[in-house]
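So the chains spell out like this:
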Amino acid sequence: MSRSDWMRVGGYGAAALCAVYGSMKLAQALGANALADKDPLPPELHERLVARDPLFVASHWVLAGVAAVGVVVALATVRPWGVLLLALAWVVGIFMIARSVGVVGFGFVPDALRLAGVVAVPAEHAALARDLALWDLLLWSPFFLLWGTCWTTAALRLRRVS
């Protein structure tokens, strides 16, 4: 398989992961739990999420729609579509990688610090914070790292083709 073919895998991988994430958010919007209780949120927001606060239900619908658009955009990266698509793929990929590392508040570094006890959490939410940090460290951060890597690989391929 040529290098160009391997880089095309990034676009298909990003589309597949968009579909997985969007399916989960659609299931949550329709009332399923689907890992909703594992979202790494501050305790007060986590309680609202689990209680199906209308704001969170609406956000699930929005995120499912964004993921559907993401599928289309990711698949479009396997064709030469120009600078705008290239910039979008780079921005999405870099944001997801930054999220996985911890730049936006959740990710490998903050989770490891929280689990090591370096970052203090209120005592009444310590068990929940530990549980959510562990889920984020083992599930969400690797997922976003893989997803972001697929997006940046798709952007690299798009740049080479353009």
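In this report, the structure presented in the accompanying data block is examined. (Residues numbered from 1 in each chain as written. Predicted model: local features only at pLDDT ≥ 70, side-chain atom pairs only at ≥ 80, totals over all residues. Heavy atoms only, no water.)

**Some remarks on helix H2 (residues 43-50)**
- Those residues of H2 not exposed but buried are Pro-43, His-46 and Leu-49. The buried side chains of H2 occupy one side of the element, clustering within an arc of 115° when seen end-on.
- Summarising the contacts, the buried residues of H2 are in contact with helix H3 (54-76) and helix H6 (126-161).
- Where H2 terminates, the next one or two residues include Arg-52, which has phi positive at roughly 60°. (Buried < 20%, exposed > 50% of the residue type's maximum accessible area, 1.4 Å probe, protein only. Helix = DSSP H or I, 4+ residues; strand = E, 2+ residues; numbered from the N terminus. Arc of directions from axis to C-beta. Contact = heavy atoms within 4.5 Å.)

**Topic: the packing of aromatic side chains**
- Enumeration according to the criterion identifies seven aromatic pairs in this entry.
- An angle of 85° between the planes, with centres 6.1 Å apart, marks the rings of Trp-140 and Phe-143 as edge-to-face. Taken together, the residues span about one helical turn, with Trp-140 and Phe-143 both in helix H6 at a distance of three residues. No difference in accessibility class separates Trp-140 from Phe-143, as the two residues are buried.
- Aromatic pair Phe-143 and Phe-144: ring centres 5.8 Å apart, planes at 85°, arrangement edge-to-face. (Phe/Tyr/Trp six-rings, centres within 6.5 Å; stacked < 30°, edge-to-face > 60°.)

**Considering the layout of surface pockets**
- When its volume is computed, the largest pocket comes out at roughly 670 Å³.
- For the lining of the largest pocket, the elements supplying multiple residues, two or more each, are helix H1 (3-29), H3, helix H4 (83-101) and H6.
- Of all the elements, H3 adds the most residues to the lining of the largest pocket, at nine residues.
- For the lining of the largest pocket, the per-class residue count stands at 21 nonpolar, three polar and three charged.
- Leu-41, Pro-42, Pro-43, Arg-114 and Ala-129 are, among the 13 residues lining the second largest pocket, the residues nearest its centre.
- Of all the elements in the fold, those that place two or more residues in the lining of the second largest pocket are helix H5 (108-116) and H6.
- Considering every element that reaches the lining of the second largest pocket, the biggest residue donor is H6, with four residues.
- Partitioned by chemical class, the residues of the lining of the second largest pocket number 11 nonpolar, no polar and two charged. (1 Å grid on protein atoms, 1.4 Å probe; cavity = no way out; pocket = protein on both sides within 12 Å on 5 of 7 lines; lining within 4 Å. Points joined across faces, edges and corners; volume = space filled by probe spheres on them. Nonpolar A, V, L, I, M, F, W, Y, C, P; charged D, E, K, R; others polar.)

**Section: the side chain of Ser-141**
- Tracing the sequence through the fold places Ser-141 in helix H6.
- When neighbours within four sequence positions are excluded, Ser-141 is seen to be in contact with Arg-99, Ser-100, Gly-107, Phe-108, Asp-111 and Asp-136.

**Looking at the pattern of salt bridges**
- Summed over all chains, the structure comprises five salt bridges.
- A salt bridge links Arg-48 to Asp-53; the shortest N-O distance between them is 3.3 Å.
- Overall, Arg-48 belongs to the partly exposed group, its relative accessible area being 34%.
- Close ionic contact of Asp-136 with Arg-99 constitutes a salt bridge, the shortest N to O distance being 2.7 Å. Residue Asp-136 is found in helix H6, and its partner Arg-99 is found in helix H4; the two are separated by 37 residues along the sequence. (Salt bridge = Lys/Arg side-chain N within 4 Å of Asp/Glu carboxyl O.)

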